[in-house]
Amino acid sequence: MDEVYGLVFFNRSSKKKESIPLVSVHIEGKITDLTSKTTLTQKYKNTKSNPLEVQYVFPIDELGAVTAFQARIGGKIIVGDVLEKQKAAEEYDDAIAGGHGAYLLSKEAGDVLSILVGNLPANEECSIQITYVSELDMDGDCVRYLVPTTIAPRYTPPSSSSPPPVTITNVNSSLVTYSLTLDLLVQMPSNIKSVSSPSHPLSFEIVNPTQAKVQLGTHSATMDRDLIVLIAHSGNEIPRIWLETDAKTSSIGAAAVLYPDFTKMFPDLVNSFRSCEFIFIVDCSGSMEGPQI
């Protein structure tokens, strides 16, 4: 079954979901090694002569987690509060039972977000802003950053064994001409060798050997396909750890990155790797702390 993504409304005459025209898209992101933080801002406009009850449906990286959501519609600002799934559902039910307005952002079909936003007045604009963090995959020797704009065609690296993407309707881009802008800051643990994209033309500036700023190579582009950025750097094989301090609690989070090349470690077993399962065990118990016995 085909699905329509973006800001949509239900057409009672055709009994189908239809797209609200997209006006502009801005992607602001930061890549740190194999993690990313992305803020996606989209503006839509109701070109109908009557108000429409709208729903926001959009694909997101299946490894992503939403950290913030905001919608501006008809002079009203809706700000999302990130909660554990069960608690969010309970508070939503309590608000509805108490006669209050409530909005529940949920993740459906593995990598699709959905939220009922409310009424969009005639000739009014609506701005949707989503911030999410995600783990990144490797594509050969490159870090792969992806902003999904459609479910199909979903980019599959040549080395991937994933099944072919499911054919689902693209985000509707035919109703209006809209602008797409990109501001991406890249921080790698070693010298950046190249920044490229198989989906869109890019321009980039090497700020220092391990940092780069990336923008689109053209003033305007359409998001009729996933935006993919590939970053190659010289230290993939070097084990490293990243630390980040929470500004509110002063607690410290750590991310360990290991990228072992088993073809070099076990050259005699290369042909059998495809049928092997590797299990990594990390001891976090703290049992080895203190002086030696």
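Residues numbered from 1 in each chain as written. Predicted model: local features only at pLDDT ≥ 70, side-chain atom pairs only at ≥ 80, totals over all residues. Heavy atoms only, no water.

Chemist: Describe in detail a nonpolar patch on the surface, supporting the description with residues and values.
Modeler: Taken together, the side chains of Ile241, Leu243 and Ile252 present a nonpolar region at the surface, about 350 Å² in accessible area. Residue placement: Ile241 occurs in strand S18 (residues 240-245). (Patch = residues over 30% accessible without salt bridge, like charges linked within 9 Å, V, L, I, M, F, W, Y side chains within 5 Å. Areas by Shrake-Rupley, 256 points an atom, 1.4 Å probe, with all protein chains shown as cover. Salt bridge = Lys/Arg side-chain N within 4 Å of Asp/Glu carboxyl O. Helix = DSSP H or I, 4+ residues; strand = E, 2+ residues; numbered from the N terminus.)

Chemist: How would you summarise the sheet that holds strand S17 (residues 227-233) if you had to cite specific residues and measurements?
Modeler: Taken in spatial order, the four strands line up as S11-S12-S17-S14 in an open sheet, and their pairing is antiparallel. Edge positions in the sheet fall to strand S11 (137-139) and strand S14 (192-196), since each has one partner strand and no second. Between one strand axis and the next, the sheet turns through 30° on average, direction left out of account. (Pairing = 2+ DSSP bridges. Axes fitted to C-alpha atoms, helices over the stretch in contact; angles between N-to-C directions.)

Chemist: Pulling in residues and values, what's your account of the side chain of Ser190?
Modeler: Locating Ser190 in the fold gives a position in the loop between strand S13 (179-187) and S14. For Ser190, a relative accessible area of 11% gives the class buried. A distance of 3.4 Å separates a polar side-chain atom of Ser190 from the backbone nitrogen of Ser234. With near-sequence residues (within four places) excluded, Ser190 lies in contact with Pro209, Thr210, His233, Ser234 and Gly235. (Buried < 20%, exposed > 50% of the residue type's maximum accessible area, 1.4 Å probe, protein only. Polar contact = N/O pair within 3.5 Å; in protein donor to acceptor, adjacent residues only side chain to side chain. Contact = heavy atoms within 4.5 Å.)

Chemist: Before we move on, could you go through the pairing of strand S19 (residues 252-257) and cite the residues and values that matter?
Modeler: As defined by bridge partners, S18 adjoins S19 across six bridges and the pair is classed as antiparallel. Paired with Trp242 across the two strands is Ala255, which belongs to S19.

Chemist: Tell me about the pattern of salt bridges, and please be specific about residues and values.
Modeler: In the structure shown here, the tally under the stated rule is two salt bridges. One salt bridge connects Asp33 with Arg240, and the closest N-O pair in it is separated by 2.7 Å. Highlighted residues: Asp33 in the loop between strand S3 (22-32) and strand S4 (35-45) and Arg240 in strand S18, separated in sequence by 207 residues. Of the charged contacts in the structure, one is a salt bridge between Asp137 and Arg144, with a shortest N-O distance of 3.4 Å. Exposure remark for Asp137: the relative accessible area of 36% places this residue in the partly exposed category.

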